Amino acid sequence: MNKFLLRAFEGTLILFALSVALTMFSMATGDEESQQLWGLNYSYYLVPLLGVNLVIIFSNLSAFRLGGMNKYVLIWMIWVSLSALLISRNHFLTLIRVSIWTTSYFAAYILARSNRKAIDSIVKVFVIIYIISFFFFWQGKIVQSVEFKYGFESTSNAIYCLVTIIPILMLLKKKWLVLIIMLLTFVSTIFSGKRGATLILLFTLVPQLKSIFSKKKKSTGRTVLMIVLVVVLTYLLFYVSQNVLSGTLMNRFADDETGSGRTFIWLRTLNAFDSSAFFEQLFGHGYYAVNSLGEASAAHNDFIEVLYDYGLLGLLIYTLIHVYLVVKTFKLRKSKKLLFLPYMVMYMVFFIMSMVSILIVQQRYLIYMAVFWGMLEGCNYNYQYQISDSKK
């Protein structure tokens, strides 16, 4: 039964990834009809994944343990579900949207806890998901450049699908494959023109290179090779930005006004929160309420978004999740477990995107993170992942 549920979970993850890729592709090409069909606003393609998640959870309740990250995710799930039912509009669709990442977390947790081979199987599925996302990212860039004459300097949010998957693929046993995937993602990130994604990849690639080239026997040759790779990648970043992207990426780093005007959006949202009634400050205004303020669809900062949507209590729960992940990362580093690097990278992705993006509202990328966290909590850092660096 669990094997069947594992395959169903993997199948719906691929369906979800394909739907997200098509959504991002339609946004890049300006196809309004496709956007309406695949857009997140309708959330219909989330239903199969949510359905499988619920079947896995309720058919394996005995495998659930209220400890570790589970308690924080459960409290968050209850809080946002109550908000969806009591405060937000369109209760049914809102409940689906706010429940999808938490149920994905618990489904991955139960599968990993019940089946020792589940993690390896799900990680391999994410290779397929990466290929799908990679294909549609470049397809969108080509269409933008050839058909719409935007050139490669146009930005693309589709890159975050690739970036979010990287920490999961770092669990692959073939480290050379991980390095190739990271280099492909780095090149794609440069062409995406997205500052947040570029920062994430720079912070991710250097530790990965250090990890690969510092295994067991240290040598001058490996050190030199790593330095050369870093220099070449840095040169590639600047060269492509200036000569292919017309300086778009570097200009966006230098001048925030060329970006989305996030500072203005943050101040406007905080001012709106400050002028709200005490009840609204405590319990929030409901899911995606920042959208009703106008001028921007979201706060572009999850801490501010959560504060306005779910109130001070919601912000407290959300902050506790961050604190848990930071503490767990340091514990993994101290115990020298193989999971430290991917876990650290995933938190870096989570934190940076929480600061500049809308993870908590449009959960395209958060679902992948939830599966990662759920798997690792479920296996309790068991079997091959429990081997310390000193024993390899």
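Calculation criteria
Residues numbered from 1 in each chain as written. Predicted model: local features only at pLDDT ≥ 70, side-chain atom pairs only at ≥ 80, totals over all residues. Heavy atoms only, no water. Helix = DSSP H or I, 4+ residues; strand = E, 2+ residues; numbered from the N terminus. Buried < 20%, exposed > 50% of the residue type's maximum accessible area, 1.4 Å probe, protein only. Contact = heavy atoms within 4.5 Å. Areas by Shrake-Rupley, 256 points an atom, 1.4 Å probe, with all protein chains shown as cover. Expected span 1.5 Å × (residues − 1). Bend = angle between axes of the 7 residues up to and from the residue. Phe/Tyr/Trp six-rings, centres within 6.5 Å; stacked < 30°, edge-to-face > 60°. Axes fitted to C-alpha atoms, helices over the stretch in contact; angles between N-to-C directions. Parallel < 35°, antiparallel > 145°, perpendicular 65-115°, else oblique. Nonpolar A, V, L, I, M, F, W, Y, C, P; charged D, E, K, R; others polar. pLDDT = per-residue confidence, 0-100. Polar contact = N/O pair within 3.5 Å; in protein donor to acceptor, adjacent residues only side chain to side chain. Arc of directions from axis to C-beta. Salt bridge = Lys/Arg side-chain N within 4 Å of Asp/Glu carboxyl O.

This part covers the overall build of the protein. In terms of regular secondary structure, the protein is built from 16 helices and 0 strands. Counting across all 392 residues of the protein, residues that qualify as buried make up 55%. Sequence-distant contacts in the protein: of pairs separated by 6 or more residues, those separated by 24 or more amount to 76%. Carbon and sulfur atoms make up 66% of the accessible area of the protein, which amounts to about 17,900 Å² in all.

With respect to the helices and strands, Thr269 occurs in helix H12 (residues 262–274). Beyond its immediate sequence surroundings of up to four residues, Thr269 is in contact with Val290, Leu293, Ala299, Ile304 and Tyr308.

This brings us to helix H5 (residues 91–114). Spanning 24 residues, H5 covers 33 Å between terminal C-alpha atoms, matching the ideal 34 Å at 1.5 Å per step. Along H5, the sharpest change in direction is near 40° and occurs at Ser99. The buried fraction of H5 is high, at 19 of 24 residues.

With phi around 60°, Tyr288 is a residue other than glycine that occupies positive phi space. Locating Tyr288 in the fold gives a position in the loop between helix H13 (278–283) and helix H14 (302–334). By relative accessible area, Tyr288 is classed as buried at 17%.

How two aromatic rings sit relative to each other is set out by the distance from centre to centre and by the angle between their planes. Summed over all chains, the structure comprises 21 aromatic pairs. Look at Phe64 and Tyr109: their rings are 6.2 Å apart centre to centre, the planes differ by 70°, and that puts the pair in the edge-to-face class. With a gap of 45 residues between them, Phe64 in the loop between helix H3 (46–59) and helix H4 (70–86) and Tyr109 in helix H5 connect regions that are remote in the sequence. A residue is classified by how much of its surface remains accessible, and Phe64, at 24% relative accessible area, is partly exposed. Here Tyr109 falls in the buried class, since its relative accessible area comes to 3%. Centroid distance Phe137 to Trp138: 5.3 Å. Interplanar angle 85°. Geometry classified as edge-to-face. Overall, Phe137 belongs to the buried group, its relative accessible area being 1%. Connected via pairs of aromatic rings, a cluster forms that spans Trp76, Phe303, Tyr310, Tyr318, Tyr347, Phe350, Phe351 and Trp373.

We now examine the packing of H4 against H5. Interhelical geometry of H4 versus H5 gives an angle of 170° and a closest axis separation of 9 Å. Comparing their axes, H5 and H4 come out roughly antiparallel. On H5, the residues that touch Asn70, Val73, Leu74, Trp76, Met77, Val80, Ser81, Ala84 and Leu85 of H4 are His91, Thr94, Leu95, Val98, Ser99, Trp101, Thr102, Thr103, Tyr105, Phe106 and Tyr109. Looking at the contact of H4 with H5 residue by residue, the classes come out as 13 nonpolar, 7 polar and no charged.

Predicted confidence across the protein gives a mean pLDDT of 79, with 73% of residues reaching 70 or more. Taken as a whole, residues 381–392 scores under 50 in pLDDT and shows 30 contacts with residues more than four places along the chain or in a different chain.

A word on the side chain of Ser121. With respect to the helices and strands, the residue Ser121 is situated in helix H6 (residues 118–146). Overall, Ser121 belongs to the buried group, its relative accessible area being 17%. In terms of polar contacts, Ser121 uses its side chain to reach the side chain of Glu10, at 2.4 Å. For Ser121, the residues in contact, after removing those within four places along its chain, are Leu6, Arg7 and Glu10.

Time to look at H12. End to end, H12 covers 18 Å across 13 residues, agreeing with the expected 18 Å (1.5 Å per residue, within 8%). All of the buried residues in H12 are Arg262, Ile265, Arg268, Thr269, Ala272 and Phe273. The arc that holds the buried residues of H12, viewed along the axis, is 135°, so those residues lie on one side. For H12, the exposed residues lying more than 90 degrees away from the buried face are Leu267, Asn271 and Asp274.

Another point: the environment of Pro48. Locating Pro48 in the fold gives a position in helix H3. Take Pro48: its relative accessible area is 35%, and that puts it in the partly exposed class. C-alpha of Pro48 to C-alpha of Ala8: the two residues are 40 residues apart in sequence and 9.5 Å apart in space. Not counting residues up to four positions away in its chain, the partners in contact with Pro48 are Thr12 and Leu15.

For the structure on display, the rule yields 1 salt bridge. In this structure, Arg7 and Glu10 form a salt bridge, with 3.1 Å as the shortest nitrogen-oxygen distance. One end of the pair, Arg7, and the other, Glu10, are both in helix H1 (residues 2–29), 3 residues apart, so they sit about a helical turn from each other.

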